[in-house]
Amino acid sequence: MGQQNTQRHTRTQAVWPWIAFPVCMALLAGFIWFRLLADDPLATGHTGNTGSDAVQVDGSKPASSPLAGTASGQMQPPAMNRPGAPEALQATVTALGRTFDGDVGIVVQSIDDGWAAAHKGDLRLPQQSLSKLWVAAALLDKVAAGEIALEDQVTLTARDLSIFHQPIRKRILASGSYTTTIADLLRRAMTQSDNTANAALFDAVGGRSGVLRFLRAQGLNEIWMAPSEKQLQMSITGMEWQDSFSYGRNFWEARKRVPFAQRMQTMGAYLANPPDGAAPVAVADGLAKLARGELLPKPYNAYLIDLMAKSKTGPKRLRGGLSPGWSLPHKTGTGQVLKLLATAYNDVGILISPSGRRYSVVAMIGATNRPVKERQQLMQALTRAVIAYENNSAVY
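Residues numbered from 1 in each chain as written. Predicted model: local features only at pLDDT ≥ 70, side-chain atom pairs only at ≥ 80, totals over all residues. Heavy atoms only, no water.

**Q** I'm lost on the environment of Glu 87 in this one. Help?
**A** Summarising the element assignment, Glu 87 is placed in helix α3 (residues 87-99). With 30 residues separating them along the chain, Glu 87 and Ala 117 place their C-alpha atoms 8.6 Å apart. (Helix = DSSP H or I, 4+ residues; strand = E, 2+ residues; numbered from the N terminus.)

Printed below as a string of structure tokens:
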């Protein structure tokens, strides 16, 4: 009898993880879909972020009042009256969003005509490395003001290393330090999405408050910034930062030891109210201002667009749908993965036709269990839909 009980107990231990894992994933998926329904502006009338964790320019939380949401406490102006989007293109954007299995926001905005076609454009979604675009813009704004020069030198040491992708690390570790210029750090952050380069720029502009001050001055009130790359990634996993995480596979090995239930909890909290969140419509507005030369003093709009055009990341995302003669200066972002759940799979850019007509194109996937290829196909289909509209093809 004792042997039978032992065998039964052993079988139970072997079976329960196979039951617990799908149950846990189902609960997390349910949480995400509940958030989708709760945040659907069509269902709730929500037109912007009202999350309790929203942060003011000075780092404080906004008051719970109709005046909350801006650095000055002024009432936010109503959304601009845009011309109506072409019906066929809007239908395509809606269909792409609704048929994709995930938490997705899509916006196509005509930079020349002003209309915007959107699916869940007001949803607050995580940016991850997409936020490097705003750090670069804030930095160039200070360059234009004479507070920083592109030729200014910066010396980086091992203490400045960040996490995840940071090609500059090899140069730093080769001799213990690496001295370069602000211009080089901008190039690395925007074309290689180098986290250490971006962290140095982030510090140079005054951190989160400096970037938010720039964004709010531009009227981009629904774009937010995390306190730092390290703090953001640690909060997502529920871990404490260790300098060893800047090297090799140390972070990934440490993350494996975090209890799955803890990772579910911290990931769910992040997706519910991402500190680095942004509404796709706000991102599209920022891109449009950049393309029209309104985001920065001349000639820095063109300087930033040129860096975006030289980006090497995400060639199979939005750029995978390009036709000959079209171009797409862009910025990508990619978040952490929890088992089958991928987060913050983003690509945004300025789609330019051979004739020079321009569109802000924003595809932000907050969370999905679909494979990389399907995520890329969604983005490629979006690019092709805009091109088909511009070309006045038989599709429309």
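**Q** Honestly, the packing of aromatic side chains in this entry has me stumped. Any pointers?
**A** Both the distance between ring centres and the angle between the ring planes are used here to describe each pair of aromatic rings. All told, the structure shown has 8 aromatic pairs when counted by the stated rule. Measuring from centroid to centroid gives 5.5 Å for Trp 115 and Tyr 389, while their planes differ by 85°, and the two rings are edge-to-face. Here Trp 115 is found in the loop between β1 (102-110) and β2 (116-119), whereas its partner Tyr 389 is found in helix α14 (residues 372-390), with 274 residues between them in sequence. Given a relative accessible area of 5%, Trp 115 falls into the buried group. (Phe/Tyr/Trp six-rings, centres within 6.5 Å; stacked < 30°, edge-to-face > 60°. Buried < 20%, exposed > 50% of the residue type's maximum accessible area, 1.4 Å probe, protein only.)

**Q** Got a minute to help me understand the packing of α3 against α14 in this structure?
**A** A packed helix pair is summarised by two numbers, namely the angle formed by the two axes and the spacing between the axes. Put simply, α3 and α14 touch, their axes get as near as 10 Å, and they point 175° apart. Taken together, the axes of α3 and α14 are roughly antiparallel relative to one another. Residues Leu 89, Thr 92, Val 93 and Leu 96 of α3 form the contact with α14, whose own contacting residues are Leu 378, Ala 381, Leu 382, Ala 385, Val 386 and Tyr 389. Along the lines of polarity and charge, the residues of the contact of α3 with α14 split into 9 nonpolar, 1 polar and no charged. (Axes fitted to C-alpha atoms, helices over the stretch in contact; angles between N-to-C directions. Parallel < 35°, antiparallel > 145°, perpendicular 65-115°, else oblique. Contact = heavy atoms within 4.5 Å. Nonpolar A, V, L, I, M, F, W, Y, C, P; charged D, E, K, R; others polar.)

**Q** Honestly, the pattern of salt bridges in this entry has me stumped. Any pointers?
**A** One pass over the structure, following the stated rule, counts 10 salt bridges. A salt bridge links Arg 357 to Glu 390; the nearest nitrogen and oxygen atoms lie 3.2 Å apart. In this pair, Arg 357 sits in the loop between β9 (341-352) and β10 (358-368) while Glu 390 sits in helix α14, placing the two residues 33 residues apart along the sequence. Here Arg 357 falls in the partly exposed class, since its relative accessible area comes to 25%. One network of salt bridges, in which partners are shared, links Asp 113, Arg 357 and Glu 390. (Salt bridge = Lys/Arg side-chain N within 4 Å of Asp/Glu carboxyl O.)

**Q** How do you make sense of α3 when you look at a structure like this?
**A** Along an α-helix, residues three or four apart share an orientation, since each turn contains 3.6 residues. Compared with the 18 Å implied by 1.5 Å per residue over 13 residues, the 18 Å span of α3 between its first and last C-alpha is a close match. Taken residue by residue, α3 has Leu 89, Val 93, Thr 94, Leu 96 and Gly 97 as its buried positions. Along the axis of α3, the buried positions cluster into a sector of 160°, meaning they face one direction only. Of the exposed residues in α3, the ones pointing more than 90 degrees away from its buried face are Glu 87, Arg 98 and Thr 99. Buried residues along α3 sit against β1, β2 and α14. (Expected span 1.5 Å × (residues − 1). Arc of directions from axis to C-beta.)

**Q** How do you make sense of the pairing of strand β5 (residues 177-181) when you look at a structure like this?
**A** Two faces make up the sheet, and in a regular strand the side chains alternate between them. Every second residue of β5 is oriented toward a common face, the buried set being Tyr 178 and Thr 180 and the non-buried set Ser 177, Thr 179 and Thr 181. The sheet contact formed by strand β4 (residues 153-157) and β5 spans 5 bridges and is antiparallel. The partner of Gln 153 across the bridge, within β5, is Thr 181. (Pairing = 2+ DSSP bridges.)

**Q** Looking at this model, I keep getting lost on the environment of Ala 309. Mind explaining?
**A** Structurally, Ala 309 can be placed in helix α13 (residues 300-309). The contacts of Ala 309, once residues within four sequence positions are left out, are Arg 319 and Pro 329.

**Q** Just checking my understanding: could you explain empty space enclosed by the protein for this structure?
**A** Sizing a probe to match a water molecule and rolling it over the atoms shows the empty space that remains. Evaluation of the coordinates by the stated rule reveals 1 cavity of 30 Å³ or more. Quantified by volume, the largest cavity comes out at close to 160 Å³. Mapped onto the lining of the largest cavity, the elements with two or more residues apiece are α4 (132-144), α7 (195-204) and α9 (229-237). With 4 residues, the single largest contributor to the lining of the largest cavity is α7. Residue composition of the lining of the largest cavity, by class: 6 nonpolar, 6 polar and 3 charged. (1 Å grid on protein atoms, 1.4 Å probe; cavity = no way out; pocket = protein on both sides within 12 Å on 5 of 7 lines; lining within 4 Å. Points joined across faces, edges and corners; volume = space filled by probe spheres on them.)

**Q** When you look at the layout of surface pockets in this model, what are you seeing that I'm missing?
**A** In this structure, the second largest pocket occupies an estimated 430 Å³ of space. In terms of lining residues, the second largest pocket is bounded by 21 residues, among which Ser 129, Phe 164, His 165, Thr 334 and Gly 335 are the most central. Of all the secondary structure elements, the ones that give two or more residues to the lining of the second largest pocket are α9, α10 (250-256) and β7 (330-333). Across the lining of the second largest pocket, the residue classes tally to 3 nonpolar, 14 polar and 4 charged.

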